[in-house]
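If you want the building blocks of each chain, they are given just below.
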Amino acid sequence: ETLVAVKHSALRVLDPILTTAYMSRNHGYMIFDTLFALDESMTPQPQMVDSWTVSDDGLTYRFTLREGLKFHDGSPVTGDDVAASIARWGERDGMGQVLMDFVESMGQDGDNVFVMNMKEPYGLVIDSLAKPSSNVPFIMPKRLAETPSTEPIPEQIGSGPFTWVEEEFQPGVKAVYAKFEDYVPRDEEPSWSAGGKVVKVDRVEWVVMPDDQTTLNAIMAGEIDYWESPPSDLLPVLEASGELEVRNLNVLGYQTIMRPNALHPPMDNPLIRKAAIASVYQKDVLDAMIGNPDLYSLCGAMFVCGTPLATDVGSETLTEGNGQDLARQLLEEAGYDGTPIVIMHPTDVGTLRTQPVVVAQAMRDVGFEVDLQAMDWQTLVGRRASQAPIADGGWNMFMTNWVGADVFNPLVNNMVNGKGPDGGWFGWPDVPELEELRMAYATSGSLEEQQEIAAKIQEVAYDEGVYAPIGQYFVPSAWTSNLEGVLDGPAPFFWNISKN
Amino acid sequence: MSDNLLEIENLRIALNGDPEQEVVKGLDMEIKPGQTMCLVGESGSGKSLTALATMGLLPKVLVPHAGSIRMKGEELLTATPQRLRKLRATAMSMIFQEPMTALNPVARVGAQIEEVLEFHSDMSQSQRKRRAMEMMEAVHLPDVDKMYRSFPHQLSGGQRQRIMIAMALIMRPQLLIADEPTTALDVTTQAQILSLIRELREEQGTAVMFITHDMGVVSEIAEDVTVLKLGEVMETQPLDQLLRHPQTDYTRDLLRSVPSHVPRAASPDSSEKVVLSTQSLCKTYGGSGFIFKSREVNAAQDVSLALQHGRTLGIVGESGSGKSTVARCIMRLIDPTSGQIMVGDEDIAQMHQRDLKARRRKIQIVFQDPMRSLNPRREIGESIIEGPLNFGVPRAKAVERARELLELVGLPASAVDRFPHQFSGGQRQRIAIARALAVDPDILVADEAVSALDVSVQAQVLDLLAELQKRLGLGILFITHDLGVAAQICDEVMVMQHGRVVEYGPAGRVLGDPREEYTKALISAAPGRHWDFANFRPFSESGRAATSAPPSA
Amino acid sequence: MTDQTVFTPGDGRVSPLDRVREIVFSSPFVFIASLILAIIVLSALFAPWVVPHDPVRLTPAQRLKPPSEIYWLGTDAYGRDLFSRIIYGGRISLVVGLGAAVFAVASGLMLGLLAGYIRWLDAILMRMVDGLMAIPNILLAIAIVSLWGAGIWTVLIAITIPEVPRVVRLVRSVVLSAREEPYVEAAIAAGSSTWLIMRRHLLPNTIAPLIIQGTYICASAILVEAILSFLGAGINPETPSWGNIMAEGRIYFQINPGIVLWPGIVVSVAILAINLLGDAVRDALDPRMAKRGIDR
Amino acid sequence: MFGYIVQRILAAVPVMGFVALFVFLMLRLTPGDPAAIIAGDTATPEQLQRIREALGLNDPLHIQFITWIGNLFQGDFGTSVISGKPVIELIAARMEPTISLALTTIILSVLIAVPLGVIAAWKHGTLIDRFVMLISVLGFSVPVFVIGYLMISLFSMQLNWFPVQGFRPIGDGLGQFLHRIALPTFTLTLLYIALIARITRTSMLEILGDDYIRTARAKGLPERLVLMRHALRNCSVPIITVIGIGFALIISGVVVTESVFNLPGLGRLTVDAVLARDYPVIQAVILLASLIYVVINLLIDIAYVLLDPRIRYS
Ligand SMILES: Nc1ncnc2c1ncn2[C@@H]1O[C@H](COP(=O)(O)OP(=O)(O)OP(=O)(O)O)[C@@H](O)[C@H]1O
Ligand SMILES: Nc1ncnc2c1ncn2[C@@H]1O[C@H](COP(=O)(O)OP(=O)(O)OP(=O)(O)O)[C@@H](O)[C@H]1O
Ligand SMILES: [Mg+2]
Ligand SMILES: [Mg+2]
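Within each chain, residues carry numbers counting from 1 in the order of the written sequence. Here the convention is simple: chains get letters from A, ligands get numbers from 1, in the order in which they are written. With the structure being a predicted model, the display of local features is reserved for residues of pLDDT at least 70 and the display and counting of side-chain atom pairs for 80 or more, all residues being used for whole-chain, interface and lining totals. The basis for every side-chain value is the complete set of heavy atoms in the structure, and neither hydrogens nor water enter the calculation.

Chain D is annotated in an unreviewed UniProt entry as ABC transporter permease from Aquicoccus porphyridii. According to UniProt, the comment filed for chain D under the heading Sequence similarities (unreviewed entry) is "Belongs to the binding-protein-dependent transport system permease family." Word for word, the UniProt comment on chain D under Subcellular location (unreviewed entry) is "Cell membrane". UniProt positions are given in the numbering used here, feature names are shortened, and annotations may be inferred rather than shown by experiment.

(A) Layout of a nonpolar patch on the surface. All names here are of chain C. Patch membership requires over 30% relative accessible area and the absence of a salt bridge. Like charges are linked within 9 Å, and nonpolar side chains (Val, Leu, Ile, Met, Phe, Trp, Tyr) within 5 Å. Using a 1.4 Å probe, accessible areas were evaluated by the Shrake-Rupley method; residue-level cover was limited to the displayed protein chains. A pairing counts as a salt bridge when a side-chain nitrogen of Lys or Arg comes within 4 Å of a carboxyl oxygen of Asp or Glu. The grouping of V41, L42, L45, F46, W49 and V50 at the surface amounts to a nonpolar patch, some 620 Å² of accessible area in total. Each helix corresponds to a stretch of at least 4 residues labelled H or I by DSSP, and each strand to a stretch of at least 2 residues labelled E; elements are numbered beginning at the N terminus. Counting residues per element, the ones that place at least two in the nonpolar patch are helix 2 (28–45) and helix 3 (47–50). The element that contributes the greatest number of residues to the nonpolar patch is helix 2, accounting for three residues. To sort residues, take the accessible area from a 1.4 Å probe on protein chains only and compare it with the maximum for the residue type: under 20% means buried, over 50% means exposed, and anything in between is partly exposed. In this structure L45 comes out as exposed when scored by relative accessible area, which is 53%.

(B) Just the UniProt feature "transmembrane region" (unreviewed entry) in chain D, in detail. Residues and elements named next belong to chain D. With numbering matched to this structure, UniProt assigns "transmembrane region" (unreviewed entry) to residues 9–27, 99–119, 131–157, 177–197, 237–261 and 281–307. Strand forms 0% of residues 99–119 and helix 100%; the C-alpha atoms that close the span are 30 Å apart. Split by type, residues 177–197 is 100% helix and 0% strand. Its first and last C-alpha atoms lie 27 Å apart.

(C) Examining the packing of helix 5 (residues 87–122) of chain D against helix 10 (residues 223–234) of chain D more closely. Residue and element names in this part refer to chain D. Axis definition: a line fitted to C-alpha atoms, limited for helices to the stretch in contact. Angles are taken between N-to-C directions and run from 0 to 180 degrees. Taken N-terminus to C-terminus, the directions of helix 5 and helix 10 make an angle of 115°; their axes are 12 Å apart at the nearest point. When the axis of helix 5 is compared with that of helix 10, the two are roughly perpendicular. Helix-helix and strand crossings are classified by hand; for helix 5 and helix 10 the assignment is right-handed. When helix 5 is examined against helix 10, the residues V114, V118 and W122 are found in contact with a partner set consisting of E223, L227 and L232. For this scheme, ten residues count as nonpolar: Ala, Val, Leu, Ile, Met, Phe, Trp, Tyr, Cys and Pro. Four count as charged, namely Asp, Glu, Lys and Arg, and the remainder, Gly too, count as polar. In terms of residue class, the contact of helix 5 with helix 10 is built from five nonpolar, no polar and one charged. Oblique is the label for every angle not falling under 35 degrees (roughly parallel), over 145 degrees (roughly antiparallel), or within 65 to 115 degrees (roughly perpendicular). It is the rotation of the near helix from the far one that decides the hand of a crossing: anticlockwise by less than a right angle makes it left-handed, clockwise makes it right-handed. Contacts are assigned to residue pairs with any non-hydrogen atoms lying within 4.5 Å of each other.

(D) Inspection of the interface of chain C and chain D at higher detail. With 45 residues of chain C in contact, the opposing surface of chain D contributes 51 residues. When two parts are brought into contact, each loses some accessible area as probed by a 1.4 Å sphere; the total of that loss over both is the buried area. Here chain C meets chain D over a buried area of about 4700 Å², counting both sides, of which 75% is carbon and sulfur. Across the contact surface, chain C and chain D share zero salt bridges. Whenever two N or O atoms come within 3.5 Å, that pair is a polar contact, provided that in protein one can donate a hydrogen and the other can accept it, and provided that, for residues adjacent in sequence, both atoms are side-chain atoms. For the pair chain C and chain D, the interface holds zero residue pairs in polar contact (both at pLDDT 80 or more).

(E) Here's a closer look at the sheet that holds strand 15 (residues 346–347) of chain B. Residues and elements named next belong to chain B. Two strands make a pair as long as DSSP finds a minimum of two bridges between them. Reading across from one edge, 12-11-14-15 is the order of the four strands in this open sheet, with antiparallel pairing throughout. Bordering the open sheet on either side are strand 12 (297–308) and strand 15, each of which pairs with just one other strand. Judged from the five bridges that link them, strand 11 (residues 274–285) and strand 14 (residues 338–343) form a sheet pairing that is antiparallel. Each residue of the ladder has a partner; that of Q279, found in strand 14, is Q340. Across the sheet, helix 11 (residues 323–330) is in contact with strand 11, strand 12 and strand 14; its angle to strand 11 comes to roughly 115°.

(F) Summary view of the pairing of strand 6 (residues 92–95) of chain B. All names here are of chain B. Here strand 6 shows no split at all, with M92 and M94 on one side and S93 and I95 on the other all buried. Alignment of strand 6 against strand 7 (residues 175–179), held across four bridges, turns out to be parallel. For M92, the partnering residue across the bridge sits in strand 7 and is L175.

(G) Just the site of ligand 2, in detail. Residue and element names in this part refer to chain B. In these notes, residues near a molecule or strand are those with any non-hydrogen atom within 4 Å of it. Inspection of the region around ligand 2 gives Y285, V297, A299, E318, S319, G320, S321, G322, K323, S324, T325 and E448 as its neighbouring residues. In the model, an oxygen atom of ligand 2 is placed 2.7 Å from a nitrogen or oxygen of the G320 main chain. Relative to its unbound accessible area of 630 Å², ligand 2 is 59% covered by the protein chains. Of all the secondary structure elements, the ones that give two or more residues to the shell around ligand 2 are strand 12 and helix 11. When residues in the shell around ligand 2 are grouped by element, the largest group, three residues, is from helix 11. Classifying every residue of the shell around ligand 2 gives three nonpolar, six polar and three charged.

(H) Quick look at the domain arrangement of chain D. All names here are of chain D. Domain start and end points were adopted from an automatic or database domain assignment. Once the domains are mapped, chain D shows domain 1 (2–73) and domain 2 (87–307). Every contact between the two is made by 21 residues of domain 1 and, on the other side, 14 residues of domain 2. When domain 1 packs against domain 2, the two sides together hide about 1600 Å² of surface, and 75% of this comes from carbon and sulfur. Considering only the side of domain 1, the residues that lose the most area to domain 2 are R8, M16 and L27, jointly responsible for 32% of the buried surface there. Where domain 1 touches domain 2, the interface holds zero salt bridges. Seen at the junction of domain 1 and domain 2, the total is one residue pair in polar contact (both at pLDDT 80 or more).

(I) Structural detail: the packing of aromatic side chains. Pairing of aromatic side chains here covers Phe, Tyr and the six-membered ring of Trp, requires ring centres within 6.5 Å, and sorts the geometry by plane angle: under 30 degrees stacked, over 60 edge-to-face, intermediate tilted. In the structure shown here, the tally under the stated rule is 36 aromatic pairs over all chains. Geometrically, the ring pair formed by F63 of chain A and F114 of chain A is stacked, given 5.6 Å between the ring centres and 20° between the ring planes. Of the two residues, F63 of chain A is situated in strand 6 (residues 60–65) and F114 of chain A in strand 8 (residues 113–118); the sequence distance between them amounts to 51 residues. There is no split in this pair, since F63 of chain A and F114 of chain A are both buried. Taken together, a centroid distance of 6.0 Å and an interplanar angle of 55° make the contact between F65 of chain D and W68 of chain D tilted. With F65 of chain D and W68 of chain D both in helix 4 (residues 61–73), this residue pair falls three residues apart, about one helical turn. The exposure class of W68 of chain D is buried, given its relative accessible area of 9%. Cluster of aromatic residues (ring-pair linked, three or more members): W164, F169, Y177, W206, Y226, W479 and F494 of chain A. As a reminder, the over-ring test applies to NZ of lysine and CZ of arginine, requiring each to be within 6 Å of the ring centre and within 35 degrees of the ring normal. A cation sits over an aromatic face here: K7 of chain A above W206 of chain A, 3.9 Å from the ring centre.

Following this line, the structure appears as structure tokens:
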């Protein structure tokens, strides 16, 4: 039995550590396994790990792997494989980099024990290893994990529930996975990426359809089984057909954000950045972008509503839509001289086309000059890396979307990084206070303390205008009603689904 | 019931069927079996339309709205398309003027002949082929096996016309309509085709409707002649009767305009200075090409000539003999391969185009085709003043001069702002002459300047040239393939064949007493050379033959 | 050639206005086409006075409304009035169409004249033209737009560049055949310089074929703009053009097919009209078409 | 003939050279960085630099160009910077749908358009003529994707005659293949019918006034044969030209059709590659398309010689 799923975009890069692309992450979940995984209560649960101990001084972690874990090439999974994989991940991933700062050494102790020695105690070791979204610390064979982290791994061999069918891979067209017969699932019920990953179909095909209209027709005609992210406007059509199931699988949903560039005038002035943020009303953005109020929520929490760190500190104007006067006042105070704000507008990505238009209108309404520059997403990706002044190809602002799980704490959330032009994320705000707070968060012991620090971070971030969430939205998936057992989770999973 | 094969009665053809716009106005004609009827008349007089109406092939816009055409008593104008199709090729068939375009260029000629049999006989494939080959032999085509498989473009004009004739006669029709079948051919080929038609007519007893505007041809082939003018019959008479006793002024004028083959008296003074001469002029076409050289053609070889002030040098020869090549070299429209071209005492053979520009005012050209040599999008005034403007004459003065010139060539001065299509062919040719004169040249090159014109118009233009020459002292290099025309205008004649000069000398001598075989052949092929049209009698009766020396020689 | 041509007395010139009138009234089809085109052009030109709503103002609360008295053709996904956008869209689309036609014809004309008259330049230019022609035009356009950023200028350039080679070839072939005409030789004999000959004798010959080519380019540019928008490489979606209205509307085809169909109809009608007009001009300028009755 | 072909092929070399240089420069001199695309959202400038290094994107332009051309001559089209697959494999996998669609479209269009054009010319000036012309102008007035959507909603969704999307290689059986390719073919065909019918009509009109047509009629041939045997054969040159150019155009024209009907063809490959700045893929596809164009032009010229004996190799 083959399950045909239409993905939100094409699988291009196969190495889920090399890139943060969601398609690569989803691909990783198919063929790789993780040490830990989050369950639906966002609690880390062991996945490849059978049991683990932490020394009393909090400096030594010993992880015993489950019996019978095997890679697709037949070799057993060893502690060395794990160490190499975590090391490679730690070079690329933000949270991984923080973890690595605390790690003294890693290695194996006996074939199936992985040991991690810390320089000083660190509260987020298990949370890091259970990181659910890009980059996920996937475990791969040591020989692959030794590939430099700037080059793609040469082969797709993991220990996950599916194997990779290289012959049928056509980049931009389809990717094919087969059930890994030797996979040993856990006994627990599946919950997000935790629990037993029992594969109930023979093959999974991921296909790409360049045109949503085509996908709609195809799923209605029964030519495909599963549509990962239908545009929200089409959901009523899908629901009305009666033969399809439509459900939101990702409870944290997505956060859409606006990100000013702190390097260049006039946006190097925090007042101007704040003015821009104050001009925006989330409801306008979400109405234009999603339309259906059931599929969005107004949410000013930088770490996403519905998570333990959620708070609405500093976000009133965004969710109430009452910031226009404040914005005008801030502009006045900042002495805004009418320099046009260059907003990069990616026109080829459905989920990013709308926000710039709405934000531009909101900003113009309070007195900004806006230069909305249309381009394709890849141009934007290239251009946003430029720290050059506007005249030389720089920029003032862009919008993007994050999966909730990618921003749900100060360590994974790139936008609250305050390191400035060196080591910061595109936009590069230089706010040392934010860095101090993030360090405090990393080493803090209790949830209450974490919540307090997170709230402080959010307050500072809003005050500096480093970025603003401009809405939280949900992307339900649709599948034909002969599929059963489709799982919730921060990423789409294909185990546990049966087709009859 | 008469014994006529074809009877045309009061045929009226009008544009869009509108009686106001009649182009054939009540034509009557009868052709008996085996008879040869010639239709003559100036261009546009409705000759072709009559033929096409008979065949049922009139253009849609032209409607025969009155009268009748009967073939052995059967009305053709109202016959169904199927019936007409059946009659074509079997009862009547037609040869067209242009052998170049009348054959399908992409089909082998053998197949094109056979096609007729395919639809009008039940012969087998091999029978058809045999019959076609027989017919090709009957029209004296050489190497029939090879011809059969050739494409039209691989044949000469005369051969193509023979194919047309074979095609027309293969079903032994009772009526053959030949619409100017030889006009596009040179004299030698023309003579062959005419005798072929005569021969076939005698063998097969076919009646022929022969259309031409060439009185010479008429005198060679006709039994009876019908003269048309502007869609009306002027008169119908047996040939001899018509030539000797034309009934209407129109016919008389027509006959008087036919250029005589008796050379005119040469201009008296032959010691004038030479204004133009060439020495060993050669032109080779082709031979270029990136990797594979194209075929070379020696279009002119060792041509030496000299043109004197106020005199006319004629170049004659069959088509392709290199006449135009010489003219174009002299004009430096093409670059000669070697040799000298002296204009005055300057050699312009290899001169750079930039330096040539200034020399161009001395020497001007009149092209064969007056329509195409005038830019259809520009007022003729603009065309005339183009040269003077280039040579720095102020515009107002140039226009003034253009008006004078138009009057000089017999057109109203007000014609300057009309377009070429608003003039007749003869008028256009005068404009072309006016343009050539606009820069006051010493030398005029006229390349087939009157070939496209009607005899009557031709006569006017020739008179004009002669008059201008007398007044302005022009040296004229006159190129033609019509020996009659050459005889009328030239002081000296140069005969060319295959790019070489065959004979060169005073016109009276060369045309009256040719020494070279080729020249003799050329002269003896000219149709109507025995007939002194202008005096309504054969030369034999006027006491001197065309071939005898002119009195002043 | 008949020598019988009547010597028409009086002025032989036809004023341009008469010419236009003659073409427009040459057939009912052409008349209707001209009328429609006039309406489209005028309404685009005077869009601000014609449209009932601001075409760029977002009103998310009104998104995807069906046609009503307020929104004659309904609204798009941003709650913008479809009718107003289509009227305004004509501005961009017509500018793209006309712009592409004018640029392509102008640059093609220059290069073609040069190539046709200057031998040594011909070889070089023709290789480049062949090369440009060999590059698939839509791919080239997509590449240019996505590489240089989407704006009306880039879209215009992207659409124009692939058209230029065709014009160059056309002009060149006209020039090559015209320069063999006796009247060009006559001009040479009259001592006219190359430039004068080009201007006086060659250029006018290219006009009729260029008008046809121009209308063709105009029509195809409007379509290519739509295709580029469809592929996500069109003009900034904020500014309406017929192409991007359709492109944005396509995912709502099931919900509100009008977003695609209305601009689609307008595009089709406009192109139809342009083509019909082009054909009529061709027939008017090519006397052979008009004069030659077809034998039956 | 052989010499002529050799000469033509040699003449194509500078053309292809120009295309190669043009495409290369256009790609390199414009913004966008495949390294940034591979690296994703969180890469640091230093990591980007290392990825660029690994891809050879830091070499001077002329070195990159020479390397690329050098490899081309050894039959190496490079590897996709994004997916790491050899370009030649990517292209090979995408050839079939595009070529199939192009062929079916051209064949169907010719079968429909040529008779239409002939009839229109024959009935010149009548209502039939007007109607045929209107249809064909309409054919290229409607954006392809609009036609596509309408086709799908009519023939697939309402009538259920054809699947809405996808491609089956001809290896899976002719029936399957045709079933899938039918709708995209119809969609594109409308456009090409328009092109071909118009040129057929125009050239027929010119030819029908020629003398040899009158000769054929004077021979008493039935009208059908006059049209088919004498007239059509003589306008084959312009018709073939348009068909050939049409075929070349289809290669890029299919982009939209491929999207609408989800055919995994070359057009999509290129668009994806352009959007991802996958230089080796873009370069190879455009070069390939140009090559196809050049080859088709060569074939057209050879066809001229076969169809019209007057045309000689020069
Ligand atoms: N297709 C046509 N449409 C309109 N008028 C035509 C057409 N064909 C011929 N005519 C006109 O009909 C008249 C007679 O033409 P016809 O061809 O019979 O002349 P002709 O005597 O054969 O002349 P020529 O010696 O030049 O061949 C001319 O005035 C001509 O302009
Ligand atoms: N441009 C050219 N390229 C190659 N060959 C040519 C060219 N022009 C003329 N020729 C050839 O040169 C020879 C002489 O041609 P030319 O035109 O001088 O003859 P002509 O005596 O003027 O003939 P006509 O009486 O037919 O005008 C012919 O064989 C012709 O085919
Ligand atoms: Mg005639
Ligand atoms: Mg000549």
